[in-house]
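# Coordinate inspection notes
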Amino acid sequence: MSGVMKRMGLIFRAKANKALDRAEDPRETLDYSYQKQLELLQKVRRGVADVATSRKRLELQLNELQKKSSTYEDQGRKALALGREDLAREALSRRAALQQQVTDLETQHQTLQGEEEKLTLASQRLQAKVDAFRTKKETIKATYTAAQAQTKIGEAFSGISEEMGDVGMAIQRAEDKTEQLRARAGALDELMASGALDDQSGLQKDDIQAELDRLSGGTDVELELARMKAELAGGTPQQAIEGGKQPEDRPRMDKQ
């Protein structure tokens, strides 16, 4: 059962992978990857902007602390000039405390400035990679589209070639049937002309029958002519026909 389940799982994954492969369009995948890179680039740029904002805020704080430090120094001088050493000492103490804050802020400022430079450089590099990917993406898309169009044209030509092959075979069959019909018609004409094939219509006759009909027709004419001669001579048609015999034949027959 375990082996059957594994096999079914393998078949399902194979079919699913094949279906996904048919559904996947490389151009859409490239556009999606490019969009994700743009989003990443935008995040890096926002990071650079945030670091730059923090750096700028520290610079403003440093300026304020430095102004206060200068103010405490001036106040200490004035207090010492007036003989107020205690006030001068307090002003210098506050100035020293501010100086420690200034030092800490300067350290933070340097750190932020370094991070800002790194992020700016990373942003520039990422921008270059995104631009290069965009160029490559458009090139691949154009090549894929051209290959797809060429494939469709090839398939169309292949379909036309197959169809033309079928048409050619149909034409060849039609020509063969035409030749067969012509040959059959010619053979039938020859058979009917020779009398080997009876003509049921009775309209067509062979040469022998035509000759017999001609002779029969000629005999009828001779008989009619003999009958007319006999009527004029007072004899019979048979006597008129036998009139061509020699006269001495009849006396011989009388003697007998």
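Residues numbered from 1 in each chain as written. Predicted model: local features only at pLDDT ≥ 70, side-chain atom pairs only at ≥ 80, totals over all residues. Heavy atoms only, no water.

### Describing the overall build of the protein
- When you go through the protein residue by residue, the secondary structure sums to six helices and zero strands.
- Looking at the protein as a whole, 13% of its 256 residues are labelled buried.
- Residue pairs in contact within the protein that sit at least 24 positions apart in sequence constitute 70% of those at least 6 positions apart.
- Taken as a whole, the protein presents about 20,700 Å² of accessible surface, with 56% of it coming from carbon and sulfur. (Helix = DSSP H or I, 4+ residues; strand = E, 2+ residues; numbered from the N terminus. Buried < 20%, exposed > 50% of the residue type's maximum accessible area, 1.4 Å probe, protein only. Contact = heavy atoms within 4.5 Å. Areas by Shrake-Rupley, 256 points an atom, 1.4 Å probe, with all protein chains shown as cover.)

### Quick notes on the confidence of the model for the protein
- The predicted model of the protein averages 76 in pLDDT, with 68% of residues at 70 or higher.
- Taken element by element, the protein is modelled with least confidence in helix α6 (residues 249-255), mean pLDDT 43, and with most confidence in helix α2 (residues 26-81), mean pLDDT 88. (pLDDT = per-residue confidence, 0-100.)

### A closer look at the pattern of salt bridges
- Applying the stated criterion across every chain yields a total of 14 salt bridges.
- Put simply, K141 and D31 hold a salt bridge, and the shortest N to O gap is 3.2 Å. Of the two residues, K141 sits in helix α3 (residues 85-194) while D31 sits in helix α2, which places them 110 residues apart along the sequence.
- Since its relative accessible area comes to 18%, K141 is described here as buried.
- According to the relative accessible area criterion, D31 is partly exposed, its value standing at 30%.
- Residue E73 is joined to R77 by a salt bridge in which the shortest nitrogen-to-oxygen separation is 2.7 Å. Of this pair, E73 and R77 both sit in helix α2, separated by four residues, roughly a single helical turn. (Salt bridge = Lys/Arg side-chain N within 4 Å of Asp/Glu carboxyl O.)

### A short note on the packing of aromatic side chains
- Per the counting criterion, the structure on display carries one aromatic pair.
- Look at Y34 and F133: their rings are 6.5 Å apart centre to centre, the planes differ by 15°, and that puts the pair in the stacked class. Remark: F133 occurs in helix α3 and Y34 occurs in helix α2; sequence separation between them is 99 residues. Judged on exposure class, the residue Y34 and its partner F133 are both buried.
- Positioned over the ring face of Y34 is K137, at 5.0 Å from the centre of the ring. (Phe/Tyr/Trp six-rings, centres within 6.5 Å; stacked < 30°, edge-to-face > 60°. Lys NZ or Arg CZ within 6 Å of the ring centre and 35° of its normal.)

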